[in-house]
Amino acid sequence: MNFALLTGWLADKLLGDPSWLPHPIVWFGKTIAAGERLLNRNGYRRLKGGLLAVLLILLTFMVVLVLLGFVFRINEWAGLALGAILVFYGLAGTTLVKEVRMVFEAADRSLEEGRRQVGRIVGRDTSQLDDQEIRKAALETLAENLSDGVVAPLFWLALLGIPGMMAYKMINTLDSMIGYRTERYKRFGTVAAVIDDVANYIPARLTALLMVLVAGKPQLVSFVRRFGRQHASPNSGYPESALAGILGCRFGGTHTYFGEIIEKPYIGETDRAIDSDDMRRAVRINLWVEMVMVALVFLSQMLISR
């Protein structure tokens with residue numbers, strides 16, 4: 001599996017997610033959307049949403065498990081290549097970093113450009129965001145994506161192999177599409193949101209720990225513990241609070257999602273202005289955490305194989 005791990009990770013660093021390349025997450029999204037349109041109506045919405053979530057997660061795990069086994073039996077090198085491709089698809093670090101850089105560049109040009117650009121990577125309404133809210137939204141998303149898009153997939157790769165990694169991606173996609181507390185999704189997406197919370201519980205805290213360690217600030221562990229648990233999400237607050245502590249800034253506040261106002265607590269104490277130097281520092285932290293996590297998974301697989 002280490003061949004697939006390193007090859008897939010390097011491919012993500014080099015290529016990101018090219019728009020011309022078909023991506024399984026798009027297929028996941030279309031399947032979830034079709035299921036939601038069919039089932040999110042009338043009664044028993046929580047039950048139907050839960051059955052959809054569990055079925056899609058188990059189906060993803062089993063399809064990848066069977067497919068990998070089948071290809072490996074035909075040709076070992078083909079199996080290794082497929083594994084590397086799936087790891088590449090399972091990681092989402094590089095593209096988000098590029099998007100965050102583009103947000104800051106757009107915000108430097110104009111407020112409207114910044115709003116449009118940040119709207120590509122956040123779920124909230126960006127039409128009324130000011131300059132600082134745009135930049136902070138981008139950095140909040142960067143911190144969350146480090147956990148959801150890199151550390152968590154690698155964690156589940158180490159635990160349950162490539163099928164576990166892809167099943168996690170289905171969990172994460174389900175939560176990103178139906179795991180909201182809005183009127184439309186608060187019942188239908190309940191189970192998907194809970195599964196996502198469980199799947200990310202350890203990875204989110206591991207991400208925050210790695211962030212403060214690679215930043216050379218282990219004293220921020222108590223800061224992360226304090227502010228991480230104040231977030232509305234049981235997990236998102238930990239990488240966000242780690243980045244807020246490292247940068248010495250404040251995230252959070254009230255935002256609009258799908259036309260509804262959602263109140264979020266503040267993460268951090270210092271409400272200072274964010275600039276491009278902060279973005280570059282956050283990107284460096286991301287890269288270091290990625291490399292450390294890949295090394296940890298690599299070493300763990302070597303120990304298991306022996």
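Here, every reference points to the structure presented above.
Residues numbered from 1 in each chain as written. Predicted model: local features only at pLDDT ≥ 70, side-chain atom pairs only at ≥ 80, totals over all residues. Heavy atoms only, no water.

1. Structural notes on the overall build of the protein
The secondary structure content of the protein amounts to 11 helices and four strands. Taken over the C-alpha trace, the protein has a radius of gyration of 19 Å; the compact-globule value for 306 residues is 19 Å, and the two agree within 12%. Taking the principal axes of the C-alpha coordinates as reference, the protein spans close to 60 × 50 × 40 Å. Counted over contacts in the protein with a minimum sequence separation of 6, partners at least 24 positions apart contribute 70%. If you sum the accessible surface of the protein, you get close to 14700 Å²; carbon and sulfur atoms cover 62% of it. (Helix = DSSP H or I, 4+ residues; strand = E, 2+ residues; numbered from the N terminus. Rg over C-alpha atoms; globule rule 2.2 N^0.38 Å. Contact = heavy atoms within 4.5 Å. Areas by Shrake-Rupley, 256 points an atom, 1.4 Å probe, with all protein chains shown as cover.)

2. Topic: the pattern of salt bridges
Scanning the entire structure with this criterion turns up 13 salt bridges. Here Arg 135 ties to Asp 131 by a salt bridge, and the two come within 2.9 Å at their closest N and O atoms. Of this pair, Arg 135 and Asp 131 both sit in helix H7 (residues 131-178), four residues apart, which is roughly one turn of that helix. The salt bridge involving Asp 277 is made with Arg 280; its shortest N-O contact spans 2.6 Å. Linking Asp 277 with Arg 280, this pair stays in helix H11 (residues 276-305), spanning three residues, or about one helical turn. Sharing partners across several salt bridges, the network here consists of Asp 108, Asp 131 and Arg 135. (Salt bridge = Lys/Arg side-chain N within 4 Å of Asp/Glu carboxyl O.)

3. Notes on the environment of Ala 137
Inspection of the secondary structure puts Ala 137 in helix H7. Taking C-alpha positions, Ala 137 is 13 Å from Val 97, a pair spaced 40 residues apart along the chain. Leave out the neighbours within four places in its chain, and Ala 137 touches Val 118, Val 122 and Arg 124.

4. A look at the environment of Arg 120
Examined against the element boundaries, Arg 120 turns out to sit in the loop between helix H6 (111-118) and H7. Between the alpha carbons of Arg 120 and Glu 99 there is a distance of 8.1 Å; along the sequence they are 21 residues apart.

5. Things to note about the packing of helix H1 (residues 2-15) against H11
At their nearest, the axes of H1 and H11 sit 10 Å apart, and the two run at 165° to each other. By the angle class used here, H1 and H11 are roughly antiparallel. Once H1 is placed against H11, the crossing between them reads as left-handed. Facing Asn 2, Leu 5, Leu 6, Trp 9 and Lys 13 of H1, the residues of H11 in contact are Leu 287, Glu 290, Met 291, Val 294, Val 297, Phe 298, Gln 301 and Met 302. Its residues placed into classes, the contact of H1 with H11 shows nine nonpolar, two polar and two charged. (Axes fitted to C-alpha atoms, helices over the stretch in contact; angles between N-to-C directions. Parallel < 35°, antiparallel > 145°, perpendicular 65-115°, else oblique. Left-handed = near helix turned anticlockwise from the far one by under 90°. Nonpolar A, V, L, I, M, F, W, Y, C, P; charged D, E, K, R; others polar.)

6. As for helix H3 (residues 45-74)
Compared with an ideal rise of 1.5 Å per residue, which puts 30 residues at 44 Å, H3 spans 43 Å between its outermost C-alpha atoms and is within 8% of the ideal. Among the residues making up H3, those that are buried are Gly 49, Gly 50, Leu 52, Ala 53, Leu 56, Ile 57, Thr 60, Val 64, Leu 68 and Val 71. In this structure, the buried side of H3 is in contact with helix H2 (24-39), helix H4 (76-90), H7 and helix H8 (190-214). (Expected span 1.5 Å × (residues − 1). Buried < 20%, exposed > 50% of the residue type's maximum accessible area, 1.4 Å probe, protein only.)

7. What to know about the nonpolar core
One finds Val 100, Val 118, Leu 139, Leu 154, Ile 162 and Leu 174 to be the most contacted residues of the largest nonpolar core, which totals 80 residues. The element that contributes the greatest number of residues to this core is H7, accounting for 23 residues. Ignoring any residue separated from it by four or fewer positions in sequence, one finds Ile 162 in contact with Met 1, Ala 4, Val 64, Leu 68, Gly 83, Leu 86, Val 87 and Leu 157. (Core = buried A, V, L, I, M, F, W, Y, C linked by side-chain atoms within 4.5 Å.)

8. With respect to the side chain of Glu 140
With respect to the helices and strands, the residue Glu 140 is situated in helix H7. If we skip the residues at most four places from it in the chain, Glu 140 touches Arg 124, Glu 240, Phe 251 and Gly 252.

Limitation: the analysis is restricted to geometry and does not speak to function.
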